[in-house]
Amino acid sequence: MKAMIPTRTFDYLDILKEKFPKDDIFAKIVDGKWVKISVDEYIENSWNTAGGLLAKGYRPGDKIAVVCNNRPEWNYLDMGCTLARLIFVPVYTTLSEREFLHVFNHSDSKMIVFGGRSLYNKLNPLIEKMDHPAEVMTIDDCGCSFSFGDLVALGKENREKFNPVIELNKKEIHPDDVATIIYTSGTTGESKGVMLTHRNLTFDTNGHAIRQTAGPRHKMLSFLPLCHAYERTMNYEFQQLGISIYYAESLSTIARDLASFNSDGFCAVPRVLEMMYSKLEAAGKSLKGIKRMIYRWAWRFANNFDNKRIGFLYRLQHRLADKLVYSKWRDNLGGHEMWVVTGGAAIRPNIIRLFTAAKLHLYQGYGMTEASPVISVNPPANNVLGTNGTPLDGTELKIADDGEILVRGPHVMKGYYKDEKATREIIDTDGWLHTGDIGYLKDGLYLMITDRKKEIFKLSSGKYIAPQMIENKLRESPFIENCIVFGENQKFASAVILPDMKELKEWCRDNDIMTDAGDTDLLSNKKVVAKLSREVAKANRTLADYENIKKNLFCADSWTVDNGMLSQTLKPKRAVILSQYKSFVESAYR
């Protein structure tokens, strides 16, 4: 059968209809059981969604913001929006109220869609604070507002009227038309709207789909947020290849869900794999005697596994370790060998080796939302452990003189929504996207990432942290003079904090706390530490959960230009300060 190469996102519907008319393109848990959605149901719901949106009077270019967890309806809204010539704006469910309001306002969204009652109750009050009117809809029929079921029914009633409009849209929508706006962190902490076109998304998806060895007989579990460009294009890849997508009930049910339908794989950010790794490590510590010895031997073997070694003795050891230990791990996940794709942040090499040794074949990739997002990835046919693989076909990649990775190709974004200045700063006049990452090509082929050029960093969960924004929030407290936030590739953010000792001593006197001791001794007083911790908690409440400071060091030092801690413009020198507090930085994550 001739390959069908999509150029618009709704082309995936035609591919599924013609090549993969299966009964479980999607599945979700309802009352503890998997409920399957067929390709025909997917197409029907997508068209009815488009018809409903058109019947409600939405016009080409209008934005629809969707805040929900992974579920089949997310896809109906995605496809329905593009079929109706609208722009789909997916939003994380875990943002702070400040960030939600920014996205709703900045995107000019005409409709805000909430997954269910809890999100509606939490976020509906923000609608009145928006700078423009917006309609509200819930996906669940929870009696809160107009529901997705109402929208689908409206579309069904008006199919005869709007089918010709949708058909015309399919003919006229150009690959370079904007399909979506995805909000991602910026240097000031305010998220920017990344405009991705149909071509951006489909080119990138096809680039990693042609490296995939799975096909229509396989089933994958999805649990990373679909609003993340990485999971979204994997979602598209699975549709292009006819792979069934089963949506996890929650992050806490991943292992159960994998086993329940004998999954063939999943996508994960490093933080998820770190948690799985820790659980496997803990399982070995509970064993005794010979079982413990065998487990420890297999554990060491896996942590140092080299998939390129082909010696008979080495392969024999691998088969023995697999029979005695690794196969038991897979049994808990359904028993299959798996494809596991990871990206979004750096991952420890030993984790990659361990999963690959256990035949949970781990393929590492690299990208950013502005590149739709995959830039490079390891293919199953040639998985070079510890690298980010080779650039996608049709992707130009070069290393600038300062080591920054530059990328050019059809997957580079159209630009930032309503921010030409920021667009010009990241995409130069020759079309090169400046990633902000430092790296090199191992053996001239395999991409390696060594550092971040700018101060924004990623947690191991894949979430971006804009430290200056958090530092500014902390400094809003009268008790905090200065601070520095860190935690790149770690589970959470931490901070070194200099209290305003004058303000703090006044508070101590008001609360009958002796201040005669030195400043260092004062900062060891339990009541003082509790007060400062409350100030940090106050700042945390204004941040998204993943931005919260989980560990901090209160110290009575002074940061000045003279001692080299501040620049001439009085900005903290991040690298110098973190080096000064190296012991705390390291102990924060032990």
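The structure contained in this document is the topic of the report that follows. These figures come from a predicted structure and were not determined experimentally. (Residues numbered from 1 in each chain as written. Predicted model: local features only at pLDDT ≥ 70, side-chain atom pairs only at ≥ 80, totals over all residues. Heavy atoms only, no water.)

Some words on the nonpolar core
The nonpolar side chains of a soluble globular protein tend to be buried, and buried together.
Inference 1: Counting residues in each nonpolar core, the largest one holds 177 residues, and the members touching the most others are Phe114, Phe266, Leu273, Tyr326 and Leu474.
Inference 2: At 7 residues, helix H2 (residues 39-55) tops the list of elements feeding residues into this core.
Inference 3: Discounting residues that sit within four places of it in the chain, Tyr326 has contacts with Ala298, Phe301, Ala302, His318, Ala321, Ala357 and Ala358.
Inference 4: Ile484, Phe486, Val496 and Phe584 belong to the second-largest nonpolar core, a separate cluster that totals 12 residues. (Core = buried A, V, L, I, M, F, W, Y, C linked by side-chain atoms within 4.5 Å. Buried < 20%, exposed > 50% of the residue type's maximum accessible area, 1.4 Å probe, protein only. Helix = DSSP H or I, 4+ residues; strand = E, 2+ residues; numbered from the N terminus. Contact = heavy atoms within 4.5 Å.)

Regarding a nonpolar patch on the surface
Inference 1: A cluster of nonpolar side chains, Phe312, Leu313 and Leu316, forms an exposed patch at the surface whose accessible area comes to about 340 Å².
Inference 2: Following the sequence through the fold, Leu313 ends up in helix H13 (residues 312-331). (Patch = residues over 30% accessible without salt bridge, like charges linked within 9 Å, V, L, I, M, F, W, Y side chains within 5 Å. Areas by Shrake-Rupley, 256 points an atom, 1.4 Å probe, with all protein chains shown as cover. Salt bridge = Lys/Arg side-chain N within 4 Å of Asp/Glu carboxyl O.)

A look at helix H9 (residues 229-240)
Inference 1: Its 12 residues give H9 an end-to-end C-alpha distance of 16 Å, which sits within 8% of 16 Å, the value for a rise of 1.5 Å per residue.
Inference 2: In terms of burial, H9 is a largely internal element, 12 of the 12 residues being buried.
Inference 3: Residues Ala229, Tyr230, Glu231, Arg232, Thr233, Met234, Asn235, Tyr236, Glu237, Phe238, Gln239 and Gln240 constitute the buried set of H9.
Inference 4: Note on H9: the residue one or two positions beyond its end, Gly242, has a positive phi of about 75°. (Expected span 1.5 Å × (residues − 1).)

Considerations on the pairing of strand S11 (residues 244-247)
Inference 1: Every second residue of S11 is oriented toward a common face, with Ser244 and Tyr246 on one face and Ile245 and Tyr247 on the other, all of them buried.
Inference 2: Summarising the sheet, strand S1 (residues 26-30) and S11 pair through 3 bridges and their orientation is parallel. Counted as the bridge partner of Ala27 is Tyr246 from S11.
Inference 3: Pairing geometry for strand S10 (residues 219-222) and S11, over 4 bridges, is parallel. Counted as the bridge partner of Leu221 is Tyr246 from S11. (Pairing = 2+ DSSP bridges.)

Examining a positive patch on the surface
Inference 1: A contiguous patch of positive charge on the surface is contributed by Lys285, Lys288, Arg292, Arg296 and Arg300.
Inference 2: Top element by residues in the positive patch is helix H12 (residues 289-303). It accounts for 3 residues.
Inference 3: Relative to the elements of secondary structure, Arg292 occurs in helix H12. (Lys, Arg positive; Asp, Glu negative; His and termini not counted. Charge placed at Lys NZ, Arg CZ, Asp CG, Glu CD.)

Some points on the sheet that holds strand S25 (residues 493-499)
Inference 1: An order of S24-S25-S26 is seen for the 3 strands of this open sheet, with the pairing classed as mixed. Each edge of the open sheet is held by one strand with a lone partner, namely strand S24 (480-486) and strand S26 (549-554). Strand-to-strand twist across the sheet, computed as the mean angle between neighbouring axes with direction ignored, equals 25°.
Inference 2: Bridge count for S25 against S26 is 5 bridges, and the pairing is parallel. When the sheet's bridge partners are listed, Ile497 is paired in S26 with Phe554. (Axes fitted to C-alpha atoms, helices over the stretch in contact; angles between N-to-C directions.)

Focus on unusual backbone geometry
Inference 1: The amide bond that connects Ser372 to the next residue, Pro373, takes the cis arrangement and shows omega of -15°.
Inference 2: Checked against the element boundaries, Pro373 lands in the loop between strand S14 (360-367) and strand S15 (374-377).
Inference 3: Its identity is not glycine, yet Asp31 carries a phi of approximately 55°, on the positive side.
Inference 4: Along the chain, Asp31 falls in the loop between S1 and strand S2 (33-37).
Inference 5: Positive phi, close to 60°, is recorded for Lys359, a residue that is not glycine.
Inference 6: If you trace the backbone, Lys359 turns up in the loop between helix H14 (349-357) and S14.
Inference 7: We classify Lys359 as partly exposed; its relative accessible area is 23%.

As for helix H4 (residues 97-106)
Inference 1: For H4, the tally of buried residues reaches 7 of 10 residues, placing the bulk of the element in the interior.
Inference 2: Every buried residue of H4 is accounted for by Glu99, Phe100, His102, Val103, Phe104, Asn105 and His106.
Inference 3: Count one or two residues on from H4 and you reach Asp108, which has phi positive near 60°.

Points about the packing of aromatic side chains
Inference 1: Tallying each qualifying case throughout the model produces 25 aromatic pairs.
Inference 2: When the centroid spacing of 5.1 Å and the interplanar angle of 20° are considered together, the rings of Tyr12 and Tyr236 count as stacked. Taken together, the positions of Tyr12 in helix H1 (residues 11-19) and Tyr236 in helix H9 put the pair 224 residues apart, joining distant regions of the chain.
Inference 3: Judged by relative accessible area, which is 0%, Tyr12 ranks as buried.
Inference 4: Centroid distance Trp34 to Phe261: 5.3 Å. Interplanar angle 80°. Geometry classified as edge-to-face. Here Phe261 lies in the loop between helix H10 (254-260) and strand S12 (265-268) and Trp34 lies in strand S2, a separation of 227 residues in the sequence.
Inference 5: Phe261 gets classed as buried once you look at its relative accessible area, which sits at 5%. (Phe/Tyr/Trp six-rings, centres within 6.5 Å; stacked < 30°, edge-to-face > 60°.)

Topic: the side chain of Ser107
Inference 1: Within the element layout of this structure, Ser107 appears in the loop between H4 and strand S5 (109-114).
Inference 2: Engagement of the side chain of Ser107 in a polar contact is seen with the backbone oxygen of Phe104, the distance being 3.4 Å. (Polar contact = N/O pair within 3.5 Å; in protein donor to acceptor, adjacent residues only side chain to side chain.)

Here we look at the environment of Arg300
Inference 1: Relative to the elements of secondary structure, Arg300 occurs in helix H12.
Inference 2: Judged by its relative accessible area of 47%, Arg300 falls in the partly exposed class.
Inference 3: With 54 residues separating them in the primary sequence, Arg300 and Leu354 have C-alpha atoms 8.8 Å apart.

Structural notes on the packing of helix H11 (residues 270-285) against H14
Inference 1: Running from amino to carboxyl end, H11 crosses H14 at an angle of 65°, the nearest separation of the two axes being 11 Å. Our classification of the angle between H11 and H14 gives roughly perpendicular. In the crossing of H11 with H14, the sense of the turn from one axis to the other is left-handed. In this structure, H11 contributes Leu273, Glu274, Met276, Tyr277 and Leu280 to the contact, and H14 contributes Asn350, Ile351, Leu354 and Phe355.
Inference 2: Here the contact of H11 with H14 is composed, by residue class, of 7 nonpolar, 1 polar and 1 charged. (Parallel < 35°, antiparallel > 145°, perpendicular 65-115°, else oblique. Left-handed = near helix turned anticlockwise from the far one by under 90°. Nonpolar A, V, L, I, M, F, W, Y, C, P; charged D, E, K, R; others polar.)

Things to note about the pattern of salt bridges
Inference 1: Under the defined criterion, the tally for this structure stands at 27 salt bridges.
Inference 2: Between Arg408 and Glu396 there is a salt bridge, with the nearest N and O atoms lying 3.0 Å from each other. With Arg408 in strand S18 (residues 404-408) and Glu396 in strand S17 (residues 396-399), this pair connects stretches of sequence that are 12 residues apart.
Inference 3: Residue Arg408 is classed as partly exposed on the basis of its relative accessible area of 26%.
Inference 4: Here the salt bridges share partners, and the residues they tie into one network are Lys28, Arg71, Glu73 and Asp140.

Points about the packing of H12 against H13
Inference 1: For the pair H12 and H13, the least separation of the axes is 10 Å and the interaxial angle reads 115°. Like other packed secondary-structure pairs, H12 and H13 cross with a definite hand, here left-handed. Between H12, through Ile294, Tyr295, Trp297, Ala298, Trp299, Phe301 and Ala302, and H13, the contact on the second element is made entirely by Tyr314, Gln317, His318, Leu320, Ala321, Leu324, Val325, Tyr326 and Trp329.
Inference 2: In terms of residue class, the contact of H12 with H13 is made up of 14 nonpolar, 2 polar and no charged.

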